[in-house]
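# Topology and contacts: notes
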Amino acid sequence: MNKGVIRPGHVQLRVLDMGEALEHYVQLLGLIETDRDDTGRVYLKAWTEVDHFSVVLREAEIPGMDFMGFKVLNEEVLDRLKLDLEAKGYPVEDIVPDELKHCGRRVRFQAPTGHTFELFASKKQSGRYGVGNHNPEAWPRGLKGMKAQRFDHCLLYGDELEATYALFKDVLGFNLCEQVVEPDGTRVAMFLTTSMKAHDIAFIKHPEKNKFHHASFLLETWEEVLRAGDLLSMTDTSLDIGPTRHGITHGQTIYFFDPSGNRNEVFCGGDYYYPDHEPITWDAEQLGKAIFYHDRQLNERFLTVLT
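### Some details on the overall build of the chain
If you tally the helices and strands in the chain, you get 6 helices and 17 strands. Taking 2.2 N^0.38 as the reference for a compact globule, 307 residues should give roughly 19 Å; the C-alpha atoms of the chain span a radius of gyration of 18 Å, in line with that estimate. With the principal axes as the frame, the chain shows a C-alpha extent of 50 × 45 × 45 Å. When burial is assessed residue by residue, the chain has 57% of its 307 residues classed as buried. Long-range contacts, defined as pairs at least 24 residues apart, comprise 68% of the intrachain contacts of the chain with a sequence gap of at least 6. A total accessible area of about 13600 Å² is found for the chain, and carbon and sulfur atoms account for 49% of it. Looking at charge distribution, the chain has the averaged site of its 34 positive side-chain charges lying 3 Å from that of its 48 negative ones.

### Notes on helix 3 (residues 161-171)
Buried within helix 3 are the following residues: Leu161, Thr164, Tyr165, Leu167, Phe168 and Val171. Residue glycine 173 follows helix 3 closely and has a positive phi angle near 85°.

### Quick word on helix 1 (residues 18-28)
Buried within helix 1 we find Met18, Ala21, Leu22, His24, Tyr25, Val26 and Leu28. Of the residues flanking the start of helix 1, the one acting as N-cap is aspartate 17, its side-chain oxygen 3.1 Å from the backbone nitrogen of glycine 19. Looking at the residues trailing helix 1, positive phi occurs at glycine 30, about 95°.

### Regarding the nonpolar core
General note: in soluble globular proteins, nonpolar side chains tend to be found buried as a group. Counting residues in hydrophobic clusters, the biggest one holds 61 residues, and the most contacted among them are Leu57, Phe117, Met146, Cys154, Phe168 and Ile201. With 6 residues, helix 1 is the single largest residue contributor to this core. With residues near it in sequence (within four places) discarded, phenylalanine 168 still touches Phe70, Phe117, Gly173, Phe174, Leu192, Ile201 and Phe203. If you look at the next biggest cluster of nonpolar residues, it comprises 18 residues, including Leu155, Ala189, Tyr255 and Ile291.

### Re the environment of threonine 304
Tracing the chain through its elements places threonine 304 in helix 6 (residues 300-304). Between the C-alpha atom of threonine 304 and that of phenylalanine 174, which follows or precedes it by 130 residues, the distance is 27 Å.

### A short note on the pattern of salt bridges
Tallied over the full model, the rule gives 23 salt bridges. Here aspartate 51 ties to arginine 7 by a salt bridge, and the two come within 3.1 Å at their closest N and O atoms. With aspartate 51 in the loop between strand 3 (42-45) and strand 4 (55-59) and arginine 7 in strand 1 (residues 5-15), the pair connects residues that are 44 residues apart, well separated along the chain. Classification of aspartate 51 as buried rests on a relative accessible area of 4%. Of the charged contacts in the structure, one is a salt bridge between arginine 14 and aspartate 66, with a shortest N-O distance of 2.9 Å. Taken together, the residues arginine 14 in strand 1 and aspartate 66 in strand 5 (residues 64-72) connect sequence positions 52 residues apart. The two residues arginine 14 and aspartate 66 agree in class, both being buried. Among the ionic contacts, a cluster of salt bridges with common partners joins Asp37, Arg41, Glu99, Arg106, Arg108 and Glu118.

### So, the sheet that holds strand 9 (residues 150-158)
If you trace the 9 strands from one edge of the open sheet to the other, you get 14-15-16-13-9-12-11-10-17, paired in mixed fashion. Two strands in the sheet have a free side with no partner beyond their single neighbour: strand 14 (239-245) and strand 17 (280-283). Each strand of the sheet is rotated relative to its neighbour by a mean of 15°, with strand direction disregarded. Here 7 bridges tie strand 9 to strand 13 (residues 211-218), and the two strands are oriented antiparallel to one another. Bridge assignment links arginine 150 to a residue of strand 13, and that residue is leucine 218. Relative to the sheet, helix 3 contacts strand 9, strand 10 (175-181), strand 11 (187-193) and strand 12 (201-205), its axis offset from that of strand 11 by approximately 15°.

### Some remarks on the sheet that holds strand 8 (residues 116-120)
Taken together, the 8 strands give an open sheet; going across it, the order is 2-3-4-1-5-8-7-6, and neighbouring strands pair in mixed fashion. Of all the strands in the sheet, just strand 2 (32-36) and strand 6 (93-95) have a single pairing partner and so form its edges. For this sheet, the mean inter-axis angle between neighbouring strands, taken without regard to orientation, is 25°. As defined by bridge partners, strand 1 adjoins strand 4 across 5 bridges and the pair is classed as parallel.

Conventions adopted
- Residues numbered from 1 in each chain as written.
- Predicted model: local features only at pLDDT ≥ 70, side-chain atom pairs only at ≥ 80, totals over all residues.
- Heavy atoms only, no water.
- Helix = DSSP H or I, 4+ residues; strand = E, 2+ residues; numbered from the N terminus.
- Rg over C-alpha atoms; globule rule 2.2 N^0.38 Å.
- Buried < 20%, exposed > 50% of the residue type's maximum accessible area, 1.4 Å probe, protein only.
- Contact = heavy atoms within 4.5 Å.
- Areas by Shrake-Rupley, 256 points an atom, 1.4 Å probe, with all protein chains shown as cover.
- Lys, Arg positive; Asp, Glu negative; His and termini not counted.
- Charge placed at Lys NZ, Arg CZ, Asp CG, Glu CD.
- Polar contact = N/O pair within 3.5 Å; in protein donor to acceptor, adjacent residues only side chain to side chain.
- Core = buried A, V, L, I, M, F, W, Y, C linked by side-chain atoms within 4.5 Å.
- Salt bridge = Lys/Arg side-chain N within 4 Å of Asp/Glu carboxyl O.
- Pairing = 2+ DSSP bridges.
- Axes fitted to C-alpha atoms, helices over the stretch in contact; angles between N-to-C directions.

Following this line, the structure appears as structure tokens:
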């Protein structure tokens with residue numbers, strides 16, 4: 001049951017060199033720089049997004065994800081979810097307004113997998129880049145690289161999947177769209193949504209906590225995914241796999257790495273979800289086909305290269 005969490009809002013990633021990272025995320029992926037702050041963080045958004053930012057880059061010595069944020073309906077919902085988290089025993093940290101520029105207060109907590117999440121109700125909305133909200137054109141001229149349309153989801157690796165499932169389902173109101181299970185019924189992967197999308201967040205079971213697998217960005221068509229592959233070769237960007245199709249979600253996809261080693265995905269298509277849908281289940285022995293439908297096997301990098 002939806003409890004007022006409406007969509008992914010942002011992700012903060014650690015990068016080793018800000019100049020190289022901006023060349024990747026702006027010139028290649030096609031995000032737009034919208035702001036910087038006194039700590040050196042750089043704020044980015046994709047062109048269809050109305051919020052002031054969806055990706056925050058922070059220069060650090062180790063790559064990976066600092067946190068992922070979700071937008072909630074309003075301040076009343078934020079207050080209620082904070083109380084619900086505390087009632088379930090999750091320590092909660094209040095982050096003051098504008099600690100992230102132009103973002104309201106945030107409620108931060110840690111999932112049993114070790115990943116840090118936060119909820120917020122307000123953020124400056126600067127509108128769709130280059131077209132606005134009044135008589136908008138089809139797309140803005142001058143977009144760069146892959147012309148990413150939105151930050152879509154993250155895939156995270158960690159242990160304690162069942163406790164994390166309970167957090168997202170019972171406290172935050174997410175629905176289970178798709179899962180991978182062992183013969184004994186143990187869930188080893190789960191794809192969760194708070195919307196009609198195939199997933200807004202996903203987890204795969206892993207012995208180490210707090211591992212980042214990828215941040216994913218939407219493209220419009222399969223042709224644009226193929227063009228993204230061309231751009232990766234043109235720029236000698238490190239490729240993981242693709243272009244190919246997923247079995248899970250049926251989206252068309254390509255995976256690659258930023259200069260710091262953080263994995264990105266761009267994709268198009270994919271399934272939709274309604275609350276009356278039963279979860280789709282894949283047997284663990286079919287995991288290769290579930291992830292990479294055409295090759296029907298997982299490459300070693302996909303399973304082991306994490307930040």
